[in-house]
Amino acid sequence: MERTLIIFKPDAVQRGLVGKILARFEERGLQIAGMKMEQLNDDMLQEHYAHLRDKPFFAKLTRFMKSVPVVLAVLEGVEAVDIARKMCGVTNSREALPGTIRGDYGMSVQSNVIHASDSKETAKKEVARFFAAKELFHYERADFHTVYAEDERNK
Ligand code: UDP
Ligand code: MG
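Computed from a predicted structure; not experimentally measured.

1. Regarding the pattern of salt bridges
- Taken as a whole and judged by the stated rule, the model has 9 salt bridges.
- Notably, a salt bridge pairs Glu38 with Lys36, separated by 3.4 Å at the nearest N-O pair.
- Overall, the relative accessible area of 19% leaves Lys36 in the buried class.
- With a shortest N-O distance of 3.0 Å, Glu47 and Arg129 are connected by a salt bridge. Note that Glu47 is positioned in helix H3 (residues 42-48) and Arg129 in helix H7 (residues 120-130), a separation of 82 residues in sequence.
- A single salt-bridge network, built from bridges that share partners, covers Lys36, Glu38 and Glu135.

This is the structure:
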């Protein structure tokens, strides 16, 4: 089982889309391992978006990300990182394919509805950055044996 970090960005919170988008992940079969609301600050964002620190849009991006509290979720499942990333769609919402979250709900590059970890390594770091061990839960969802075939359950 893999875990991945999803952030419901300020635009998702402001537009009341958190529940709808979370439902898409849950219905796909990804289960919630942890979830909370938090007001991000500059220190957290400097770390989370370290790869973008030199970009001209960095200051605008951090201002946006701390404009209202965001909802953070850790989702768990077989190949969860790749699945969530594919469901998310490409960075520019205007180019994201219909059927993806950004492609269905977004019109913006910056305000692109959710963040999803981009690799297994990043996911591990991001989950640990935002969640303490005691905030994460592993349990067997009631539909686990139906969602996965027998040989897929230990992956
Ligand atoms: N972003 C932006 N302008 C850009 C590129 C990215 O405002 O030209 C923002 C956007 O919100 C994006 C975030 O920075 O989701 C992180 O960028 P990254 O390249 O990691 O894209 P992602 O992995 O979120 O698709
Ligand atoms: Mg990224």
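2. A few points about the sheet that holds strand E4 (residues 114-116)
- Spatial ordering of the open sheet is given by E2-E3-E1-E4, a layout of 4 strands whose pairing is antiparallel. Only two strands of the sheet have a single partner each, and these edge strands are strand E2 (31-38) and E4. If you compare each strand with its neighbour and ignore which way they point, the axes differ by 20 degrees on average.
- Note: strand E1 (residues 2-8) against E4, 3 bridges, orientation antiparallel. Bridging across to E4, Ile6 finds its partner in Ala116.
- Sitting on the sheet, H7 is in contact with E1, E2, strand E3 (70-77) and E4, with an inclination near 60 degrees to E1.

3. Quick notes on the site of ligand 1
- Taken together, Lys9, Tyr49, His51, Leu52, Phe57, Leu61, Arg85, Thr91, Arg102, Val109, Gln110 and Asn112 make up the full set of residues near ligand 1.
- One nitrogen or oxygen atom from the side chain of Thr91 is found 2.6 Å from an oxygen atom belonging to ligand 1.
- Starting from 510 Å² of accessible surface for ligand 1 in isolation, the protein chains cover 81%.
- Broken down by class, the residue content of the shell around ligand 1 amounts to 5 nonpolar, 4 polar and 3 charged.

4. Comments concerning the pairing of E1
- Among the 7 residues that make up E1, 6 are buried, leaving the element largely enclosed by the rest of the structure.
- Relative to E3, E1 runs antiparallel, the two being bridged by 7 bridges. By the bridge assignment for E3, Glu2 is matched with Gly77.

5. Things to note about a negative patch on the surface
- Where like charges cluster on the molecular surface, the negative patch consists of Glu79, Glu150, Asp151 and Glu152.
- When you line up the elements, Glu79 lands in the loop between E3 and helix H5 (80-88).
- Glu79 sits in the partly exposed class, given a relative accessible area of 46%.

6. Observations regarding helix H4 (residues 58-65)
- Along H4, the residues classified as buried are Phe58, Leu61, Thr62, Phe64 and Met65. In an axial view of H4, the angular spread of the buried residues amounts to 160 degrees, which keeps them on one side of the axis. Structural note: H4 exposes Lys60 and Arg63 on the side pointing more than 90 degrees away from its buried face.
- Where H4 is buried, its residues meet E1, helix H1 (10-14), H3 and E3.

What counts as what
- Residues numbered from 1 in each chain as written.
- Chains lettered and ligands numbered in written order.
- Predicted model: local features only at pLDDT ≥ 70, side-chain atom pairs only at ≥ 80, totals over all residues.
- Heavy atoms only, no water.
- Salt bridge = Lys/Arg side-chain N within 4 Å of Asp/Glu carboxyl O.
- Buried < 20%, exposed > 50% of the residue type's maximum accessible area, 1.4 Å probe, protein only.
- Helix = DSSP H or I, 4+ residues; strand = E, 2+ residues; numbered from the N terminus.
- Pairing = 2+ DSSP bridges.
- Axes fitted to C-alpha atoms, helices over the stretch in contact; angles between N-to-C directions.
- Contact = heavy atoms within 4.5 Å.
- Near = heavy atom within 4 Å.
- Polar contact = N/O pair within 3.5 Å; in protein donor to acceptor, adjacent residues only side chain to side chain.
- Areas by Shrake-Rupley, 256 points an atom, 1.4 Å probe, with all protein chains shown as cover.
- Nonpolar A, V, L, I, M, F, W, Y, C, P; charged D, E, K, R; others polar.
- Patch = residues over 30% accessible without salt bridge, like charges linked within 9 Å, V, L, I, M, F, W, Y side chains within 5 Å.
- Lys, Arg positive; Asp, Glu negative; His and termini not counted.
- Charge placed at Lys NZ, Arg CZ, Asp CG, Glu CD.
- Arc of directions from axis to C-beta.

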